[in-house]
Amino acid sequence: MSSPVLPSHGRVRPLGLAQVSLTGGFWHERQAVNASATLAHCESWMERLGWLANFDRVADGTTGPDRPGWPFSDSEVYKLMEALAWETARTGDQEAEAAFKRLTARVARAQDRDGYLNTCFGHGDQPPRYSDLEGGHELYNTGHLLQAAVARLRTHGEDDLVRLARRAADHVCRTFGPGGRAGICGHPEIEVGLAEFGRALGEERYVEQARLFLDRRGHGTLRDIPLGRAYFQDDLPIREARVWRGHAVRALYLTAAAVDVAVERGDDELLHAVERQWERSVARRTYITGGMGSRHQDEGFGEDWELPPDRAYCETCAGVASIMVSWRLLLATGDARYADLIERTLYNVVAASPSPDGRAFFYANPLHQRTPGRAADPDEVSPRAEGGTRAAWFDVSCCPTNVARTLASLHGYLATSDDDGLQLHQYAPCAIGAELPDGRRAAVEVETGYPRTGTVRVRITADATAPWTLTLRVPAWAAGATLTDEGRTREVAPGLAEVRRAFRAGDVVTLDLPVEPRFTWPDPRIDAVRGCVAVERGPEVLCAESRDLPGPAALDALVIDTRAGLKPGDDGALARALLPAHPGRAWPYLTHRADPAGDAGWIDLPLRPYRSWAQRGPTGMRVWLPVSTPHPEGE
Ligand SMILES: [Zn+2]
């Protein structure tokens, strides 16, 4: 069966990618753009920058001090290969298949006879192998190679890439296994790669090597660095940590591996430790978008409640990694809260990154842009992770390929099955078919305009020989949702709603989710946004853009009146807002509450989906909107 994650057991099981297909709507369109534009875009940038030629140079013995790219550039090639493998299976796309084989041939030539494979270390004048575990990313690269091999193995079967990945994994186990060097990689990823590769091949020793890496971490195994050991989670053993900290992508890749190892080993202590870390980090260190990472300095989590909107880092990759963690926890436990966070992160981080044409990306995803950015040159490598506009490529370009592999396999995250039925976690037009025990077949088609509209119609497409259970997730925000089955409508609470019966083809179960725009208030301990409110519509966070206002200064000063409620807008909502003007002040701190020098009267402020901000051109933007208190008209 093909799926990015296939635990040997869990509360629910992933469906194979062949059992689910998106048939229309927002995500289907994103998959199509990913296939038609993003994959080739990534390959051409890596060719142009010499990241692919790095493999040729190792093979030809022509490496030199002028090697282009960071030590982790190999991983971008592997993430692209993973995306190509999923895409080939999704559509049978022959161009994707040809690209995959082309890349495999170049990678294969660079592998050393003993299985070691890396273009930055160990050849010619390069530093020796594993001479910089803190910053060298060698094992990180290998982890991504293994994930690409898993995708190929599960969609195609054994081939050259799978064989070379096996040699690379064996080299890792020989070098770092029991009796070998007691090291770990500064950037977790090898762990999650090894665990899944072990599952895919049925080779327990790879899972065991992942466990070894996990348990070695947190004991000061790596050399200390100025950012501190928490940066790469070597400050505390994962079983003892209470919350995610340090570099967000590292923390989350590590956690994903911990779930894998916990599940394979029946290690409930480890699983519960991770669940507690998820709970606390989501409760105190996560943005309303689902974004994670409050600090630019170390691309890391901040302290509890440290969630500044303008300095939010929220790297796209951290969004992808957060989904990796929550998906694994969902499979292990069946708990709807994990699917809730996946949905929030998909719509407001992953979908925010790529431009509509699939050829430019956000790396950081702040919630407040004070001044409009400069339109990025589509022919230029952006040195910056920030900047307020999507860029074609980055100096560190981890995010585009991460988006690509996620979108190519996205249909795998919609639904699961268990012995008694199907569970729908994400709503999009799709067709799903699964075989249940006792010869029962559960097959449905979903019709919906979600998230624009809240009606989700699930049409049964196969007669059942015996009853089975259809489970529908009711998102946490969807108070007042209703479910209609056999002509009867009932209210369903957030969580999981179930219908169990012997379905007949043509039966329809309808879920109605209230997707009217709503105000969302922050915990006052998130001091950076105290006194502000956000507007959400269904799973989408909305934002204001300065291009809809007289200028960025209006965005700085605006206040909204929540008592006036919200009205439907073209593509979101309208809020009643005032744009006060303030006089120039030599010192912006006063002995009394600052009075505006006038305003232009109340306006209807357009609020649009955050994920599409800056698509109409450079603009200021804010998600959190100051509330007018006391109400100006009452003063
Ligand atoms: Zn990234």
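The notes below deal with the structure included here. Only a predicted model underlies this, so the values are computations on that prediction, with no experimental measurement involved.

What to know about the side chain of S353
Mapped onto the fold, S353 is located in the loop between α12 (336-350) and β3 (368-369). A polar contact of 2.8 Å, which involves the side chain of S353, links it to the backbone oxygen of F362.

Overview of the coordination of the zinc ion
Here the zinc ion is held by E315 (OE), C317 (SG), C398 (SG) and C399 (SG), and the distances to it run 2.1 to 2.3 Å. The sequence pattern describing where the donors of the zinc ion fall on their chain is E-x1-C-x80-C-C. You'll find E315 and C317 in the same group, each marked buried.

Quick word on helix α4 (residues 94-109)
For α4, spanning 16 residues, the distance from its first C-alpha to its last is 23 Å, which sits close to the expected 22 Å at 1.5 Å a residue. Among all positions of α4, only A96, E97, A99, F100, L103, T104, R106 and V107 are buried. The inward-facing, buried residues of α4 abut α1 (25-48), α2 (53-60), α3 (73-91), α5 (138-155) and α6 (160-176). With a side-chain oxygen positioned 2.8 Å from the backbone nitrogen of E95, the residue opening α4 is D93.

What about unusual backbone geometry?
Following Y450, the chain continues to P451 via a peptide bond in cis, the omega torsion being 5°. Within the secondary structure layout, P451 lies in the loop between β9 (441-448) and β10 (455-460). A positive phi angle, near 50°, is found at Y130, a position not held by glycine. Within the secondary structure layout, Y130 lies in the loop between α4 and α5. According to the relative accessible area criterion, Y130 is buried, its value standing at 6%. Positive phi values are uncommon outside glycine, yet W305 reaches one of about 75°. Position of W305 relative to the elements: it lies in the loop between α10 (268-284) and α11 (316-333). The class for W305 is buried, based on a relative accessible area of 15%.

Some points on the packing of aromatic side chains
For the structure on display, the rule yields 21 aromatic pairs. On the numbers, 5.6 Å between centres and 85° between planes, the contact of Y116 with Y130 is edge-to-face. A residue pair is termed long-range when its members are at least 10 positions apart, and Y116 in the loop between α4 and α5 and Y130 in the loop between α4 and α5 qualify at 14 residues. There is no split in this pair, since Y116 and Y130 are both buried. With centroids separated by 5.1 Å and ring planes inclined at 15°, the aromatic side chains of F362 and W613 adopt a geometry described as stacked.

Describing the pattern of salt bridges
Under the counting rule described, the total for this entry stands at 72 salt bridges. A salt bridge links R211 to D215; the shortest N-O distance between them is 2.8 Å. You can see R211 and its partner D215 sitting in helix α8 (residues 204-216), 4 residues apart, about one turn around the helix. Residue D215 is classed as partly exposed on the basis of its relative accessible area of 28%.

A closer look at the packing of α11 against helix α13 (residues 398-408)
Between α11 and α13, the shortest axis-to-axis distance is 8 Å and the interhelical angle comes to 35°. Between α11 and α13 lies a crossing of left-handed hand. Counting all contacts with α11, which are made through T316, C317, V320 and M324, the residues of α13 involved are C398, C399, N402, V403, R405 and T406. For the contact of α11 with α13, the per-class residue count stands at 6 nonpolar, 3 polar and 1 charged.

Quick notes on the rules
- Residues numbered from 1 in each chain as written.
- Predicted model: local features only at pLDDT ≥ 70, side-chain atom pairs only at ≥ 80, totals over all residues.
- Heavy atoms only, no water.
- Helix = DSSP H or I, 4+ residues; strand = E, 2+ residues; numbered from the N terminus.
- Polar contact = N/O pair within 3.5 Å; in protein donor to acceptor, adjacent residues only side chain to side chain.
- Donors = N, O, S within 2.8 Å, 3.2 Å for Na, K, Ca; no water.
- Buried < 20%, exposed > 50% of the residue type's maximum accessible area, 1.4 Å probe, protein only.
- Expected span 1.5 Å × (residues − 1).
- Contact = heavy atoms within 4.5 Å.
- Phe/Tyr/Trp six-rings, centres within 6.5 Å; stacked < 30°, edge-to-face > 60°.
- Salt bridge = Lys/Arg side-chain N within 4 Å of Asp/Glu carboxyl O.
- Axes fitted to C-alpha atoms, helices over the stretch in contact; angles between N-to-C directions.
- Left-handed = near helix turned anticlockwise from the far one by under 90°.
- Nonpolar A, V, L, I, M, F, W, Y, C, P; charged D, E, K, R; others polar.

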